[in-house]
Amino acid sequence: MPDRVSRVDAMQTLVARAGLLCLAFMLGACASAPVAPWEDEAPLYYRITYTRDPTPGLNVEVFPSRSFPKDFLFRQPGRVESMVVTDLNGTQFEFTPRADGRVSVPSRTRVIRYRYPLTASPKGGGRHLFGGMGEGDTWHVAGKAYLLTPARVTPGMRAELTVSGTNELLPWKPDANGVYLLRGADLIDAGFHAFGGRRCKVRSGGSVLEVALLGHFTHLSDEDLCLWLSQSAHEVTKVRRRFPYPRVTVRVVPVPGDSTPGVFGMVQWSSPPSISILVGQDATAASFSRDWVAIHEMLHLTHPTLMPRVAWLTEGLATYYTELARVRSRRQTAERAWQELTAGFARGQAAAGSRTMEAAVAEERNFQAIYWSGALFALHLDVELRRVTEGRARLEDVLELLATRGPTATLESFGAAVDTVAGQPLFDALLARHLPKPAFAELDPLLEYLGVRIDPGGVKLHAAPGSVVREALDLGPPPGDAG
């Protein structure tokens, strides 16, 4: 399995290559602006036009209602250097966004116009996952990078958005007229967007994954890529009873000069969530059998968004289940899964050193410690749930329960769900065994209980007090299990 932190570093290198392109300033015909109150009849309206002149970019027109707030914001500033504001009398003003992305416009503004360059260099290329990544007329960008939004967004705010000039794949579904009807939350968590490229659909039960293929691959057909995503979606149902969302959008972007099947992936918590995956342009279909990136990102859909963010728990859950899901789908053997887990624990332990788990996971860039101490906690939590309930409950039951309580949770509500499934207090006591101790202090006793021995030649699975529990982890829920 590729080193997961090296993939995170790879993404950061790609992001670091991004640069600013001088603005190709756009002036266009004015259009009538809505005049009704902000949260009642008239929404904020975005008209987005993809253009190739002089280089690929998005011409954006924003039409606010007459009672709109005057303060706007680029939530990821940097590329838009100038904009033109036209008031109700037709007078035009030029504005420059502040370094923090804020823009204040006159109260009688009818339309705001600006051009967002998708390219990171004058040569027309770019490798910036959020700001603009693509080639030719095929582009990937985060909504928060190019959409100018009100600085203060309330849940009741409404917006409408249209796109022309190319085929797009946004997180939301348009209405019959091609208009995207958005709420305030959509303006904050706008997800990943695709412009151009090819399309396919992947189905998992009653769910559909709408996929944008954003570029060419040396050895992979569109069918290869979509079959790979279909396999990953199927593996999600080895953890949850069904795919967690009825509709999700996925963008696949090639990375030139790389043969790794999954270079990097990320979920954005738009509504519904949107996923983007970087794939080595020279990868082969056979290499997908070793990939973990697609299933890892989709497994993030199985747990709620934790607010405030608790990266060690959410990444730990996805990392832990990445191995179990691949065993349960027979993509890898149990021995291989435990080899991957123990190798990951070793990397995490090396990264954490002698620090406590609490101290190690507080280091935002200590990815190995964050991912793998979280995965160890998830394993221990799953084992304890099965132990105290004599096999009647498991960690997947916690995820199913949380899914009935909404898309977000806190660490406290996650713990309460654990205790409900366990039928007794469990979560806080287990947390107290991990956080104040050296990050991997619980590892060796847990592996010994499960019958997992690390030998020079690899992992050996043997009879032990908890080997029945270990085998149940590998097998997953019985066929037709309802809970």
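Below or above, wherever it landed, is the structure these notes cover. (Residues numbered from 1 in each chain as written. Predicted model: local features only at pLDDT ≥ 70, side-chain atom pairs only at ≥ 80, totals over all residues. Heavy atoms only, no water.)

Further remarks concern the nonpolar core. Core analysis: the biggest nonpolar cluster contains 89 residues, and Leu229, Val252 and Leu381 have the highest contact counts within it. Among the elements that take part in this core, helix α9 (residues 367-388) stands out by supplying 14 residues, more than any other. Beyond its immediate sequence surroundings of up to four residues, Val252 is in contact with Val211, Ala212, Leu213, Leu214, Phe217, Leu225, Trp228, Leu229, Ile277 and Val279. Residues Leu58, Phe68, Phe74 and Phe195 belong to the second largest nonpolar core, which totals 35 residues. (Core = buried A, V, L, I, M, F, W, Y, C linked by side-chain atoms within 4.5 Å. Buried < 20%, exposed > 50% of the residue type's maximum accessible area, 1.4 Å probe, protein only. Helix = DSSP H or I, 4+ residues; strand = E, 2+ residues; numbered from the N terminus. Contact = heavy atoms within 4.5 Å.)

This part takes up the pattern of salt bridges. Applying the stated criterion across every chain, the model contains 22 salt bridges. Taking the shortest distance from any N to any O, the salt bridge between Glu400 and Arg241 comes out at 4.0 Å. In this pair, Glu400 is assigned in helix α10 (residues 395-403) and Arg241 in the loop between α4 (222-236) and β18 (247-255), connecting sequence segments 159 residues apart. Judged by relative accessible area, which is 12%, Glu400 ranks as buried. Here Glu340 ties to Arg336 by a salt bridge, and the two come within 2.8 Å at their closest N and O atoms. Here Glu340 pairs with Arg336, and both are found in helix α7 (residues 334-352), just four residues apart, close to one helical turn. Overall, the relative accessible area of 7% leaves Glu340 in the buried class. (Salt bridge = Lys/Arg side-chain N within 4 Å of Asp/Glu carboxyl O.)

Residue position: Asp291 is located in the loop between β20 (274-280) and α5 (293-299). Looking at Asp291, the relative accessible area reads 2%, which means it is buried. The spacing of Asp291 and Gly262 is 29 residues in sequence and 6.0 Å in space, taken between C-alpha atoms. At a separation of 3.2 Å, a polar atom in the side chain of Asp291 contacts the main-chain amide nitrogen of Ala294. (Polar contact = N/O pair within 3.5 Å; in protein donor to acceptor, adjacent residues only side chain to side chain.)

So yeah, pure geometry; function would need other evidence.
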